[in-house]
Amino acid sequence: MTNLVIEVSKYLLIIFMIIYTVQSFLVFTKKSKSAQEFLYLRQVLMILLIHFIAFLVLYLKMEEEQLMFFWGSQVLYLLAVQVMVRNLYPQASKLLLNNMCLLIAIGFIMITRLSYDQSIKQFQIIVISTVIALFVPVIIRKMKILQKWTWFYAILGIGMLAVVAVLAQSSYGAKISISIGPIAFQPSEFVKLIFVFCIASMFAKASDFRQVVIATILAAVHVLILVISTDLGGALIFFSTYLMMLYAATKKPVYTLAGIAAGCIAAVLAYFLFYHVQVRVEVWRNPFDVYEGGGYQIAQSLFAIGAGGWFGTGLFQGSPGMIPIVEQDFMFSAIAEEMGGIFCICLILVYLNCFMMFLNVAMGLRNKFYRIIGLGFGCMITVQTFLTIGGAMKMIPSTGVTLPLVSYGGSSVMSTLIMFFIVQGLYLVKEDEDEEIERARIYEQYQRQYGQQNAEENGQQRYGYPPSR
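Once a new chain begins, its residue numbering starts again from 1 and follows that chain's sequence as written. Where local features are concerned, this predicted model is filtered to residues with pLDDT of at least 70; where side-chain atom pairs are given and counted, the filter is 80 or more; whole-chain, interface and lining totals use all residues. With hydrogens and water excluded, all non-hydrogen atoms of the structure serve as input to the side-chain values.

### As for the overall build of the protein
Which entries qualify depends on this criterion: Here a helix means four or more residues in a row that DSSP labels H or I, a strand means two or more in a row labelled E, and each is numbered from the N terminus. Exposed residues in this analysis have more than 50% of their type's maximum accessible area, buried residues have under 20%, and partly exposed residues fall in between, with area computed by a 1.4 Å probe over protein chains only. It only takes one pair of heavy atoms within 4.5 Å for two residues to be counted as in contact.
Counting secondary structure elements, the protein contains 18 helices and three strands. The buried share of the protein, taken over its 469 residues, is 52%. A separation threshold of at least 6 residues defines the contact pool for the protein, and within that pool the share at least 24 residues apart is 72%.

Following this line, the structure appears as structure tokens:
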């Protein structure tokens, strides 16, 4: 009976995932607010169904009663996030909220399947992170001074990375984490947020050649420290994000092309200077030649993806545990093996949908500082997703970065949650800008019809104070 439930469940999971993904793009065709709201609620239902079916299988295989209490706690969390965001920030993007909840739910499922103890830790970190992140949108909306702290961001970000380079212990060839008592965290995950604010505040002031040179030097210092720490995945994310922000600020392709050329030269130098990079490249070229050494991880990842096929083996029917550090660097391979290729394609499309929503709010903002922030975070999450999936599928050398909101990792999930809520804050800023434009339009209309004094009186009656001119 259990085997029958598992076999049926894998097809149900794929069906519900397809429905959710289609709805994520179908919402753009809906014109009325009521139709969009109904679609968002159906998405929430799909998330809960995917979560319930997966945990039913986990319960049947693990046969631990506390697992159902754990499932109930996660459901309460997912519903609480929906209710709080919808009530605290009615103007926030519900599609982005749903995508965030879906990715978190998939992470709950897969980490619980791989390690129950780690899933409890991850759940606790996500709850704490969400409580913190709930304050972020109102900070973004109200604190206009954020765009003036350029050098504070620069000093703080570079300082945190420098501390890691000096004090952190090496793990799998890279210095990325610092331990304070029983707590270990990766400062570079939070420097990602600071870095985007730093570059955005610089380009918001000016985008002439002098400012580009200063910004490039700051970005290069960040990247260089990460390279020295052999955190190559982080270095790639920072570098790619900077190029995107540079082009968005200047609209000059020559700067971007020059940056790409410099990046290629730096990559060649890194190959000859760092043994760790040489190992990664050799493993990428032919992991089976060095199977007993560094190639074992990539080889097992490819075996897992191949074993999953289109429909997957089903939860607990595969062997994702054979992949070293699977819950962090190779979570995509575990999902591909047990959930299947179709499920993974939908997952990639959900990440693409998040990128579209990040760009959607960025392109709609008038304030250059906020617009560049939205573009920066959109690039950052997309590059990180590509590096994770590309490394697992042997498209590129493995860089050791996590799959956003899905992989195990407290620092990563906390910084990503804050990133999503920063973008939700940008949606609130966009609403404020739209309202300001509408006020100005009405004021000008009244001024043409009734004169300036009557226009201000009408503005006072409608808004409580004269609308912006």
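### Some thoughts on the packing of aromatic side chains
For any pair of aromatic rings, geometry is given as the distance between the ring centres together with the angle between the planes. Stated formally: A pair of aromatic rings is counted whenever rings of Phe, Tyr or Trp (Trp by its six-membered ring) have centres within 6.5 Å, and the orientation is called stacked for planes under 30 degrees apart, edge-to-face for over 60 and tilted otherwise.
Taken as a whole and judged by the stated rule, the model has 18 aromatic pairs. Considering the side-chain rings of Phe70 and Tyr116, the 5.7 Å spacing of their centres and the 80° angle between planes classify their relative orientation as edge-to-face. With Phe70 in helix H3 (residues 66-88) and Tyr116 in helix H5 (residues 116-133), this pair connects stretches of sequence that are 46 residues apart. The class for Phe70 is buried, based on a relative accessible area of 7%. The class of Tyr116 is buried, set by a relative accessible area of 18%. Through a chain of ring-to-ring contacts, three or more aromatic side chains come together here, namely Trp149, Phe152, Tyr153, Phe197, Phe369, Tyr370 and Phe377.

### Some words on the nonpolar core
Which entries qualify depends on this criterion: Here, nonpolar core means buried Ala, Val, Leu, Ile, Met, Phe, Trp, Tyr and Cys residues that are tied together by side-chain atoms lying within 4.5 Å of each other.
Ranked by size, the top nonpolar core spans 133 residues in total, and within it Met100, Ile335 and Phe377 carry the most contacts. Broken down by element, this core gets its largest block of residues, 14 residues, from helix H4 (residues 94-114). Discounting residues that sit within four places of it in the chain, Met100 has contacts with Val81, Leu405, Leu417, Phe420 and Phe421.

### Details of the packing of helix H11 (residues 253-273) against helix H12 (residues 275-285)
Applied cut-off: Axis definition: a line fitted to C-alpha atoms, over the contacting stretch in the case of helices. Angles run 0 to 180 degrees between N-to-C directions. Each angle is binned into one of four classes, with values under 35 degrees roughly parallel, values over 145 roughly antiparallel, values of 65 to 115 roughly perpendicular, and all other values oblique.
Interhelical geometry of H11 versus H12 gives an angle of 105° and a closest axis separation of 5 Å. When the interaxial angle is binned, H11 and H12 end up roughly perpendicular. Contacts between H11 and H12 involve Ala270, Tyr271, Phe272 and Leu273 on the former and, on the latter, Tyr275, Val277, Gln278, Val281 and Glu282.

### Structural notes on the packing of helix H2 (residues 33-62) against H3
The test is simple: For a crossing to be left-handed, the near helix must be turned anticlockwise from the far one by less than a right angle; the clockwise case is right-handed. Side-chain classes follow a simple rule in which Ala, Val, Leu, Ile, Met, Phe, Trp, Tyr, Cys and Pro form the nonpolar group, Asp, Glu, Lys and Arg form the charged group, and the remainder, Gly included, forms the polar group.
Following both chains from N to C, one finds H2 and H3 inclined at 165°, their axes separated by 10 Å at the closest point. One way to sum up the angle between H2 and H3 is to call them roughly antiparallel. Between H2 and H3 the crossing geometry is right-handed. Residues Glu37, Tyr40, Leu41, Val44, Ile47, Leu48, His51, Phe52, Phe55, Leu58, Tyr59 and Met62 of H2 form the contact with H3, whose participating residues are Leu67, Met68, Phe70, Trp71, Gln74, Val75, Leu78, Leu79, Gln82 and Arg86. Class assignment of the residues belonging to the contact of H2 with H3 gives a composition of 17 nonpolar, three polar and two charged.

### Remarks on helix H10 (residues 232-250)
Which entries qualify depends on this criterion: By this rule, a helix spans an expected 1.5 Å times one less than how many residues it contains.
In this model H10 runs 27 Å from its N-terminal to its C-terminal C-alpha over 19 residues, within 8% of the 27 Å that 1.5 Å per residue would give. The buried count for H10 comes to 14 of 19 residues, which makes it a mostly enclosed element. Of the residues one or two after H10, Lys251 is the one with positive phi, at around 60°.

### Considerations on the pattern of salt bridges
Rules: A pair is scored as a salt bridge if a Lys or Arg side-chain nitrogen falls within 4 Å of a carboxyl oxygen belonging to Asp or Glu.
According to the stated counting rule, one finds four salt bridges in the structure shown. With its nearest N and O atoms 2.5 Å apart, the salt bridge here joins Arg86 to Glu37. Of this pair, Arg86 sits in helix H3 while Glu37 sits in helix H2, and the two are 49 residues apart along the sequence.

### A word on the side chain of Ser333
The topology assignment puts Ser333 in helix H14 (residues 331-339). Not counting chain neighbours up to four residues away, the residues in contact with Ser333 comprise Ser301, Ala304, Ile305, Ile323 and Ala392.

### Things to note about helix H16 (residues 368-392)
Rule in force here: The term polar contact refers here to a pair of N or O atoms within 3.5 Å; inside protein, the definition further demands a hydrogen-donor-capable atom paired with an acceptor-capable atom, and it admits residues adjacent in sequence only when both atoms are side-chain atoms.
Here H16 is 25 residues long and its end C-alpha atoms lie 36 Å apart, about the 36 Å a rise of 1.5 Å per residue gives. The buried fraction of H16 is high, at 21 of 25 residues. The opening residue of H16, the one whose side-chain oxygen lies 2.9 Å from the backbone nitrogen of Phe369, is Asn367. Immediately beyond the C-terminal end of H16, within one or two residues, lies Lys394, with a positive phi of roughly 65°.

### Describing the environment of Gln118
Relative to the assigned elements, Gln118 resides in helix H5. Along the backbone, Gln118 and Glu327 are 209 residues apart, and their C-alpha atoms lie at a distance of 9.2 Å. Residue contacts for Gln118: discarding those within four places in its chain leaves Ile111, Glu327 and Tyr408.

### Side note on the side chain of Ser407
Structurally, the position occupied by Ser407 is in the loop between H16 and helix H17 (410-450). From its side chain, Ser407 meets the backbone nitrogen of Leu403 in a polar contact 2.9 Å long. Beyond its immediate sequence surroundings of up to four residues, Ser407 is in contact with Ile111, Gln122, Glu327, Gln328, Met331 and Thr402.

### A few points about the confidence of the model for the protein
Operational definition: The pLDDT value tells you how sure the predictor is about a given residue, anywhere from 0 up to 100.
Per-residue confidence for the protein gives a mean pLDDT of 86; residues scoring 70 or more make up 90%. Averaged pLDDT values over the elements of the protein bottom out at 56 in helix H18 (residues 452-463) and peak at 95 in H4.

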